[in-house]
Amino acid sequence: MLDDYTERIGAMDWKKQAVEDLKSHEFRRKGLDNIRRIVAANQHTRKGFQETGTNTPQNWSDRQLDLVCEEGRLQLMYAAADGLVRAVDDALSTLTADERKVLDAFYIHRSQGHVPSLMEELGYEQRQIYKIKDRALYHFTVAM
């Protein structure tokens, strides 16, 4: 029965998911800032409606209802993204300094020439850098 289920939905690839979580980490973090700004702007607009005395649900215009719905949706999105950002941060904190540095260079803040740069900074050969990356992905996934 479980085999049928995984066959229908596809088995999760833990490495692929770990890489996606790491690559998306900074975008999610920046998204949190954007959501906070949008919610603050909506709340400012809604305060204007309060001053006109039309802030009870019975008197809401379509625009007021749009703002309330958008704010609720954004708060749900914020909670989900914040949970993922915190989980990634917590998982990264369990790794060694070398493992964190390698995952950061490979996935979070990747730049051209990251492997030679890591080799020089950490004093390892290329093969060892890739071993550290694989071990760090495993440790990160277990920590998540």
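Before going into details, it helps to say that this report is about the structure given with it. (Residues numbered from 1 in each chain as written. Predicted model: local features only at pLDDT ≥ 70, side-chain atom pairs only at ≥ 80, totals over all residues. Heavy atoms only, no water.)

So, about the overall build of the chain. Helix and strand content of the chain: six helices and zero strands. Along the chain, helices and strands appear, N-terminal first, in the series α-α-α-α-α-α. Counting over 144 residues, the chain shows a buried share of 27%. Entry remark: accessible area of the chain is about 9,900 Å², with carbon and sulfur atoms responsible for 52%. (Helix = DSSP H or I, 4+ residues; strand = E, 2+ residues; numbered from the N terminus. Buried < 20%, exposed > 50% of the residue type's maximum accessible area, 1.4 Å probe, protein only. Areas by Shrake-Rupley, 256 points an atom, 1.4 Å probe, with all protein chains shown as cover.)

For the rest of this paragraph, the subject is the packing of helix α4 (residues 97-108) against helix α5 (residues 114-122). The interhelical angle for the contact between α4 and α5, taken along N-to-C directions, is 160°, at an axis separation of 10 Å. In terms of their interaxial angle, α4 and α5 are classed as roughly antiparallel. Relative to α5, the crossing made by α4 is right-handed. Seen from α4, the contacting residues are D98, K101, V102, A105 and F106; seen from α5, they are H114, V115, L118, E121 and L122. Of the residues that constitute the contact of α4 with α5, the class distribution is six nonpolar, one polar and three charged. (Axes fitted to C-alpha atoms, helices over the stretch in contact; angles between N-to-C directions. Parallel < 35°, antiparallel > 145°, perpendicular 65-115°, else oblique. Left-handed = near helix turned anticlockwise from the far one by under 90°. Contact = heavy atoms within 4.5 Å. Nonpolar A, V, L, I, M, F, W, Y, C, P; charged D, E, K, R; others polar.)

Quick look at the packing of aromatic side chains now. Inspection of every chain in the model, using the stated rule, returns three aromatic pairs. Relative to Y107, the ring of F106 lies with its centre 6.0 Å away and its plane at 45°, an arrangement referred to as tilted. Y107 gets classed as buried once you look at its relative accessible area, which sits at 10%. With a centroid separation of 5.4 Å and 75° between ring planes, the pair formed by F106 and Y130 is classed as edge-to-face. Here Y130 lies in helix α6 (residues 126-143) and F106 lies in helix α4, a separation of 24 residues in the sequence. Aromatic ring contacts, followed pair by pair, group F106, Y107 and Y130 into a single cluster. Between K133 and the ring centre of F106, over which it is positioned, the NZ or CZ distance is 5.6 Å. (Phe/Tyr/Trp six-rings, centres within 6.5 Å; stacked < 30°, edge-to-face > 60°. Lys NZ or Arg CZ within 6 Å of the ring centre and 35° of its normal.)

Here the focus is the nonpolar core. Counting 21 residues, the largest nonpolar core has L22, L92, L103 and F140 as the members making the most contacts within it. Elements represented by at least two residues in this core include exactly α2 (14-51), α3 (62-93), α4, α5 and α6. It is α4 that provides the largest number of residues to this core, a total of six residues. Beyond its immediate chain neighbours, meaning those up to four positions away, L22 contacts V88, L92, L103, Y107, I108, L137 and F140. (Core = buried A, V, L, I, M, F, W, Y, C linked by side-chain atoms within 4.5 Å.)

Bringing the packing of α5 against α6 into the picture now. Packing of α5 against α6 brings their axes to within 9 Å, and their N-to-C directions diverge by 95°. With respect to each other, α5 and α6 are oriented roughly perpendicular. Contacts from V115, L118, M119 and L122 in α5 reach Q126, I129 and Y130 in α6.

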